[in-house]
Amino acid sequence: MRSSMMEVDEGDPPKKPSSSQSQLNLPPSMNRPTVSLETQRINRLIDSNRYHSPSKPIYSDRFIPSRSGSNFDLFGLEPPSPDKEDGPGSYAGMLRTVMFGPDTPEKRDVVTGFSPSRNIFRYKTETQRPVNSFSPFGGGSGDDDEASPGVSRSPLKPTRNIVKSAYKVLDAPALQDDFYLNLVDWSAQNVLAVGLANCVYLWNACTSKVTKLCDIGIDESVCSVSWALRGTHLAIGTSSGTVEIWDALRCRRIRTMEGHRLRVGALAWSSSVLSSGSRDKSILQRDIRCQEDHVSKLKGHKSEVCGLKWSYDNRELASGGNDNKLLVWNQHSTQPVLRYCEHTAAVKAIAWSPHLHGLLASGGGTADRCIRFWNTTTNTSLSCVDTSSQVCNLAWSKNVNELVSTHGYSQNQIVVWKYPTMSKLATLTGHTFRVLYLAVSPDGQTIVTGAGDETLRFWNVFPSPKSQSRESKIGALSFGRTTIR
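Keep in mind it's a predicted model, so treat the numbers as computed, not measured.

Peer 1: Can you explain the overall build of the chain? Please cite residues and give values.
Peer 2: Along the backbone of the chain there are three helices and 29 strands. Expressed as a percentage of its 485 residues, the buried residues of the chain come to 44%. Taking contacts inside the chain between residues at least 6 apart in sequence as the whole, the part at least 24 apart equals 48%. Looking at the chain as shown, the accessible area adds up to about 27,100 Å², and 51% of this sits on carbon and sulfur atoms.

Here you go:
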């Protein structure tokens, strides 16, 4: 096929056509007037000054913005005059104005960031549309839309509403007002155990039925209770230093273990191993499968042990004492592998995070009032929050990255925190004495708190897991105030 353009050898300089020769190599059949019209048309297109058709706009395939279709009024800009539109730097200057606002910075002054705004350029001429049509929400013309027409706004995520009052109250006569005891625990079978004086009572959260489990004798008092992981056996620490294991289903004592010389105020389970902390400053590790009362003895505290918690992987045991120390032990050590001495008061409140391995929270007593966070994997202190009140208990939510703390002197409040920002989601009040006891329901939504005002109060503070219903089944059929015995 013959080429419609003259071929030029790249090695030789182009030859200038003669004045009598046409610039186009056309077939002889074309007459001269037609050639003249075609030549003028092509010259207009390749000429340096754009030719604007009086009848319709020219659509280009080079994606050059069409100024006639630009919405300059939307951004408070004046359309460029025809004589300046194609001047040097006009496009760059206009682009800076759109991106940075009316006070256009020079290129050297632009370092980082820009204010987002809608691209005003269009690649074809469009019918003029009302300003409101650009709103991401459609309709509505308010001051906010005019102030920031190019910013797409999405609805704010609603804040979870935490009811500030307890939905149920149980009277608990003779519930001791003693910071160093742990008298409330909630089982995986949805049964609450409470130590009252020398007796232990069980409250079924599904049926609201109260059962007296045991009476350990008039000369004894209950100092701690702790459910085994499966929720069928209950450990009871006594004022004489013994630890009793009870079958909650049959209401029968199956074992009594000795070893401590003074009261047992802290208990913690790890599979078949039960750890007990005493006023005699020691921690005993008891394997209930063995005949011996204890398999090892941990010594590290210089005062009463009042807090004990196993990590979720059962590899680390954290202990807190009246010596203001927080110690961490592994499964086989008899000496602490980590020591934290930053607290300035007794450490009873201890909680391992179920969301992050090695994250440990601890709280100090009246002279300290702080919640501290530790990374036991790297042995580092992470953060500290002054709560302005004695920290009695800590518990993490297993459904979301939040935790709850209960407090004593001087505010007697319950606080729900968002971690890691430690922003307060809710502050709950209702107890008139120190909130010394805390337990979390098996579904992770409800907490129960106990105080020296001899009441147990139930609060819905945490959301349900995404895979479960939002409605808690804990005590759903029983509201109001009743007694646990």
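Peer 1: I'd love a proper account of the side chain of Arg263, names of residues and values included.
Peer 2: Within the element layout of this structure, Arg263 appears in the loop between strand E9 (252-257) and strand E10 (264-270). For Arg263, a relative accessible area of 12% translates into the label buried. For Arg263, the side chain forms a polar contact with the side chain of Glu304, separated by 3.0 Å. With near-sequence residues (within four places) excluded, Arg263 lies in contact with Asp178, Tyr180, Leu181, Cys223, Thr238, Ser239, Gly241, Gly277, Ser278, Arg279 and Glu304.

Peer 1: I'd love a proper account of the layout of surface pockets, names of residues and values included.
Peer 2: The calculated volume of the largest pocket comes to roughly 1,300 Å³. Around the largest pocket, the lining is made up of 44 residues, and of these Asp185, Trp186, Lys309, Tyr312 and Val440 lie nearest the centre. Those elements giving two or more residues to the lining of the largest pocket turn out to be strand E2 (184-186), strand E6 (222-227), E10, strand E14 (305-310), strand E18 (347-352), strand E22 (391-396) and strand E26 (435-440). For the lining of the largest pocket, the per-class residue count stands at 29 nonpolar, 11 polar and four charged.

Peer 1: I'd love a proper account of the pattern of salt bridges, names of residues and values included.
Peer 2: Using the criterion set out here, one finds nine salt bridges in the structure. Notably, a salt bridge pairs Glu244 with Arg253, separated by 3.3 Å at the nearest N-O pair. Several salt bridges share partner residues, and in doing so they unite Asp178, Arg263, Arg279 and Glu304 into one network.

Peer 1: Please provide a residue-by-residue account of the packing of aromatic side chains, values included.
Peer 2: Centre-to-centre distance and the angle between the planes together describe a pair of aromatic rings. Inspection of the entire model under this criterion finds eight aromatic pairs. Between Trp396 and Tyr419 the ring centres are 5.3 Å apart and the planes differ by 75°, which places this aromatic pair in the edge-to-face class. You can see Trp396 sitting in strand E22 and its partner Tyr419 sitting in the loop between strand E24 (414-418) and strand E25 (423-428), a full 23 residues away along the chain. Accessibility classification places Trp396 together with Tyr419 in one group, the buried group. Taken together, the ring pairs connect Tyr167, Trp186, Trp203 and Phe458 into an aromatic cluster. In this structure, Lys348 is placed above the aromatic ring of Phe179, and the distance from its NZ or CZ to the ring centre is 5.5 Å.

Peer 1: Please set out the sheet that holds strand E11 (residues 273-278) residue by residue, giving values where relevant.
Peer 2: Strand order across the open sheet formed by four strands is E10-E11-E12-E13, with antiparallel pairing between neighbours. Each edge of the sheet is formed by a strand with only one pairing partner; in this case those strands are E10 and strand E13 (296-299). Taken pair by pair, the neighbouring strands of this sheet meet at an average axis angle of 20°, ignoring direction. Bridging between E11 and strand E12 (residues 282-287) involves five bridges; their strand directions are antiparallel. Looking at the pairing, Ser276 lines up with Leu284 of E12.

Peer 1: Which residues make up the environment of Trp329, and what are the values?
Peer 2: In this fold, Trp329 is placed in strand E16 (residues 326-330). A residue is classified by how much of its surface remains accessible, and Trp329, at 0% relative accessible area, is buried. In sequence terms Trp329 and Gly300 are 29 residues apart; their C-alpha atoms lie 9.9 Å from each other. Excluding anything up to four places from it in sequence, Trp329 contacts Ile283, Leu298, Lys299, Gly300, Arg315, Glu316, Leu317, Ser319, Thr334, Gln335, Pro336 and Val337. Polar contacts involving the side chain of Trp329 include one to the side chain of Ser319, which spans 2.9 Å.

Peer 1: Tell me about the sheet that holds strand E8 (residues 243-247), and name the residues and values.
Peer 2: Think of a sheet as strands paired side by side through backbone hydrogen bonds, with each pair either parallel or antiparallel. Taken in spatial order, the four strands make up an open sheet running E6-E7-E8-E9, and their pairing is antiparallel. Each end of this open sheet is capped by a strand with a single partner; those strands are E6 and E9. If you compare each strand with its neighbour and ignore which way they point, the axes differ by 25° on average. In this structure, strand E7 (residues 233-238) lies alongside E8, joined through five bridges in antiparallel fashion. Paired with Gly237 across the strands is Val243, a residue of E8.

Peer 1: Tell me about the pairing of E7, and name the residues and values.
Peer 2: Within E7, five of the six residues are buried, which leaves the element mostly enclosed by the surrounding structure. Two elements, E6 and E7, share five bridges in a ladder whose sense is antiparallel. Bridge assignment links Val225 to a residue of E7, and that residue is Ile236. If you look at the hairpin formed by E6 and E7, you'll find five residues sitting between the two strands, and Gly231 has a positive phi there, around 85°. Where E7 hands over to E8, the hairpin turn is made up of four residues, of which Gly241 adopts a positive phi near 100°.

Peer 1: Describe the nonpolar core, naming the residues involved and giving the relevant values.
Peer 2: In terms of nonpolar packing, the biggest core is built from 40 residues, with Leu192, Val200, Leu202, Leu234, Ile236, Leu456 and Ile484 touching the most fellow members. For this core, the secondary structure elements donating two or more residues are E2, strand E3 (191-196), strand E4 (199-204), strand E5 (210-215), E6, E7, E26 and strand E28 (455-460). In terms of nonpolar packing, the next biggest core, distinct from the first, is built from 15 residues, Leu359, Phe373, Trp417 and Tyr419 among them.

Peer 1: I'd love a proper account of the side chain of Ser275, names of residues and values included.
Peer 2: Its location among the elements puts Ser275 in strand E11. Among the residues examined, Ser275 registers a relative accessible area of 0% and is labelled buried. In terms of polar contacts, Ser275 uses its side chain to reach the side chain of Gln285, at 2.3 Å. In contact with Ser275, other than residues within four places in its own chain, are Ala266, Leu267, Ala268, Ile283, Leu284, Gln285, Leu308, Trp310 and Leu317.

How each quantity is defined
- Residues numbered from 1 in each chain as written.
- Predicted model: local features only at pLDDT ≥ 70, side-chain atom pairs only at ≥ 80, totals over all residues.
- Heavy atoms only, no water.
- Helix = DSSP H or I, 4+ residues; strand = E, 2+ residues; numbered from the N terminus.
- Buried < 20%, exposed > 50% of the residue type's maximum accessible area, 1.4 Å probe, protein only.
- Contact = heavy atoms within 4.5 Å.
- Areas by Shrake-Rupley, 256 points an atom, 1.4 Å probe, with all protein chains shown as cover.
- Polar contact = N/O pair within 3.5 Å; in protein donor to acceptor, adjacent residues only side chain to side chain.
- 1 Å grid on protein atoms, 1.4 Å probe; cavity = no way out; pocket = protein on both sides within 12 Å on 5 of 7 lines; lining within 4 Å.
- Points joined across faces, edges and corners; volume = space filled by probe spheres on them.
- Nonpolar A, V, L, I, M, F, W, Y, C, P; charged D, E, K, R; others polar.
- Salt bridge = Lys/Arg side-chain N within 4 Å of Asp/Glu carboxyl O.
- Phe/Tyr/Trp six-rings, centres within 6.5 Å; stacked < 30°, edge-to-face > 60°.
- Lys NZ or Arg CZ within 6 Å of the ring centre and 35° of its normal.
- Pairing = 2+ DSSP bridges.
- Axes fitted to C-alpha atoms, helices over the stretch in contact; angles between N-to-C directions.
- Core = buried A, V, L, I, M, F, W, Y, C linked by side-chain atoms within 4.5 Å.

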